[in-house]
Amino acid sequence: LEFDDELVKHAIRCIKGLPNRPTTDSRHGRWHQTLNGGIGVNLYRSRLPYGFYTYAAKHFCYSYARVNRPAKLCGKTPFEIRHGKPFTDFYKLHPFGCRVDYLDEDGRKFEPKTKEGAFLGHGDGGYPVLDVRLYAANKGKRDPCTMVKTTRDCTFKDDEFPFEAFHNAGVIFD
């Protein structure tokens, strides 16, 4: 009971909940359950490896804030509350992990100007995109963050998922 002794020593008041009754953090617990479910759906649909968990979380939160209308916000989205107007650019919402053809500015003169990538969400100043060919060539062993580029010059293929082909071929990335 060293913890209780430290609380008394520093005059810290600790409110303890009932065992196996997480009612004190029920709102936080429910949000984390929703968040984990959304992340799981993003990763399952895109077939991206678990290492892209943080990108899936950011994508889910971005989409959720623009589409969800909880009753406690009087039928408004969090985006409407913050910006004072409804979100109308639904064409900008793309599925996580969908195919993206993006402009490769580092390529040589006679090489193709676009590369195939996987959409990882919405970022500051552009869209984070994973270079699929580079990731497959390294068999997912290198740090994936080194293979992610942020770009605004891209074309979305919302119904194609590049990692689905790897999954169907039996290729598994750890």
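Structural data are supplied above this passage.
These lines cover the structure that appears in this document, whether it is placed above or below. (Residues numbered from 1 in each chain as written. Predicted model: local features only at pLDDT ≥ 70, side-chain atom pairs only at ≥ 80, totals over all residues. Heavy atoms only, no water.)

On inspection of all chains with the given rule, the structure shows 12 aromatic pairs. Here phenylalanine 119 and phenylalanine 156 contribute two aromatic rings whose centre-to-centre distance is 5.2 Å and whose plane-to-plane angle is 85°, an arrangement assigned as edge-to-face. Of this pair, phenylalanine 119 sits in strand S2 (residues 114-119) while phenylalanine 156 sits in strand S5 (residues 154-157), and the two are 37 residues apart along the sequence. Take phenylalanine 119: its relative accessible area is 0%, and that puts it in the buried class. Among the aromatic residues, ring-to-ring pairing joins Phe52, Tyr55, Tyr135 and Phe163 into one connected group. The ring of tyrosine 62 carries arginine 66 above its face, with NZ or CZ at 3.6 Å from the centroid. Taking NZ or CZ as reference, arginine 66 lies 5.6 Å from the ring centre of phenylalanine 87, over its face. (Phe/Tyr/Trp six-rings, centres within 6.5 Å; stacked < 30°, edge-to-face > 60°. Helix = DSSP H or I, 4+ residues; strand = E, 2+ residues; numbered from the N terminus. Buried < 20%, exposed > 50% of the residue type's maximum accessible area, 1.4 Å probe, protein only. Lys NZ or Arg CZ within 6 Å of the ring centre and 35° of its normal.)

Before going further, it helps to examine helix H3 (residues 53-67). The first and last C-alpha atoms of H3 sit 21 Å apart over 15 residues, in line with the 21 Å expected at 1.5 Å per residue. Residues Tyr55, Ala56, Ala57, His59, Phe60, Ser63 and Arg66 constitute the buried set of H3. On its buried face, H3 sits against helix H2 (26-46), helix H4 (78-83), S2, strand S3 (127-131) and strand S4 (148-151). (Expected span 1.5 Å × (residues − 1). Contact = heavy atoms within 4.5 Å.)

Read across the open sheet, the 5 strands follow the order S4-S3-S2-S1-S5; overall the sheet is antiparallel. Every other strand in the sheet has two partners, leaving S4 and S5 as the edge strands with one partner each. Going from strand to strand, the sheet's axes swing by 40° on average, the running direction of each strand aside. Taken together, the 3 bridges between S2 and S3 define a ladder with antiparallel strand orientation. (Pairing = 2+ DSSP bridges. Axes fitted to C-alpha atoms, helices over the stretch in contact; angles between N-to-C directions.)

In this section: the side chain of aspartate 131. Following the sequence through the fold, aspartate 131 ends up in strand S3. Side-chain polar atoms of aspartate 131 contact the side chain of tyrosine 102, separated by 3.5 Å. Excluding anything up to four places from it in sequence, aspartate 131 contacts Tyr102, Lys115, Glu116 and Met147. (Polar contact = N/O pair within 3.5 Å; in protein donor to acceptor, adjacent residues only side chain to side chain.)

As a further point, take the pairing of S5. Regular strands place side chains that alternate from one sheet face to the opposite one. The alternating pattern of S5 places Cys154 and Phe156 on a buried face and Thr155 and Lys157 on a face that is not buried. Where strand S1 (residues 99-103) lies against S5, 4 bridges are found, and the strand directions are antiparallel. Directly across from tyrosine 102, in S5, lies its bridge partner cysteine 154.

Right, let's talk about the environment of leucine 35 for a bit. Position of leucine 35 among the secondary structure elements: in helix H2. Once the C-alpha coordinates of leucine 35 and cysteine 61 are considered, the two residues, 26 residues apart in sequence, prove to be 7.7 Å apart. Filtering out sequence-adjacent residues up to four positions away, leucine 35 remains in contact with Ala57, Phe60 and Cys61.

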